[in-house]
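Structure at a glance
What follows is each chain in one-letter form.
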Amino acid sequence: QVQLVESGGGLVQAGGSLRLSCAASGRSISSYAMGWFRQAPGKEREFVAAIRWSGSNTYYADSVKGRFTISRDSAKNTVYLRMNSLKPEDTAVYYCAAGSSWPPTTRLAVGSWGQGTQVTISS
């Protein structure tokens, strides 16, 4: 029921920054939280960060804590992921996600997915 569209991916050198955006439409009361997952070739899709739509509670994977910041703009129905101090290990397809549980750290908790945006970090 929730449509998600990511943007902002690209190529950046290690140590650089990127900001990803996720525009949501058709949001309902079941959309308790929104966040980001990522998947590198040959690896499982893993949780990155999440934020509650009501309030500003956030939750981060240990691998990105202190480097990534998730935020939202309710007026625009948009969630952002600011990524600083990027490392080659951050290279992956990043997926926006919406779910009804908190925190949505597993794929089973996700009800809707975006199409993904490629993030590539060069050394």
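Quick note: structure is the one above.
These remarks concern the structure in this document. Note that the coordinates shown come from a computational prediction; the quantities given were computed from them, not determined experimentally.

About the cut-offs
- Residues numbered from 1 in each chain as written.
- Predicted model: local features only at pLDDT ≥ 70, side-chain atom pairs only at ≥ 80, totals over all residues.
- Heavy atoms only, no water.
- Helix = DSSP H or I, 4+ residues; strand = E, 2+ residues; numbered from the N terminus.
- Rg over C-alpha atoms; globule rule 2.2 N^0.38 Å.
- Buried < 20%, exposed > 50% of the residue type's maximum accessible area, 1.4 Å probe, protein only.
- 1 Å grid on protein atoms, 1.4 Å probe; cavity = no way out; pocket = protein on both sides within 12 Å on 5 of 7 lines; lining within 4 Å.
- Points joined across faces, edges and corners; volume = space filled by probe spheres on them.
- Salt bridge = Lys/Arg side-chain N within 4 Å of Asp/Glu carboxyl O.

1. Structural notes on the overall build of the protein
Across its full length, the protein holds 0 helices and 11 strands. The order of α-helices and β-strands along the protein, N terminus first, is β-β-β-β-β-β-β-β-β-β-β. Relative to its length of 123 residues, the protein is compact, with a C-alpha radius of gyration of 13 Å against a globular reference of 14 Å. With the C-alpha coordinates aligned to their principal axes, the bounding extent of the protein is approximately 45 × 30 × 25 Å.

2. Here's the deal with unusual backbone geometry
Residue Pro-103 is reached from Trp-102 by a cis peptide bond, and omega for that bond is -10 degrees. Structurally, Pro-103 can be placed in the loop between β9 (92-99) and β10 (110-113). Phi is positive for Asn-77, close to 50 degrees, though the residue is something other than glycine. Inspection of the secondary structure assignment puts Asn-77 in the loop between β7 (68-73) and β8 (78-83). The exposure class assigned to Asn-77 is partly exposed, which follows from its relative accessible area of 27%. Even without being a glycine, Ser-85 presents a positive backbone phi close to 50 degrees. Tracing the sequence through the fold places Ser-85 in the loop between β8 and β9. Residue class for Ser-85 comes out partly exposed when judged on its relative accessible area of 40%.

3. Re the layout of surface pockets
One number sums up the size of the largest pocket: a volume of about 160 Å³. If you trace the largest pocket, you find it lined by Arg-38, Gln-39, Ala-40, Lys-43, Glu-44, Glu-46, Ser-63, Arg-67, Glu-89, Asp-90, Thr-91 and Ala-92.

4. Details of the pattern of salt bridges
Tallied over the entire structure, the rule returns 4 salt bridges. In this structure, Lys-65 and Asp-62 form a salt bridge, with 3.3 Å as the shortest nitrogen-oxygen distance. With respect to class, Lys-65 is no different from Asp-62; both count as exposed. Of the charged contacts, one joins Arg-67 and Asp-90 as a salt bridge, the two residues approaching to 2.8 Å between their closest N and O atoms. On the criterion of sequence distance, the pair formed by Arg-67 in the loop between β6 (58-60) and β7 and Asp-90 in the loop between β8 and β9 is long-range, its members being 23 residues apart. Exposure class is identical for Arg-67 and Asp-90. Each is buried. Several salt bridges converge on common partners, so that one network encompasses Arg-38, Glu-46, Arg-67 and Asp-90.

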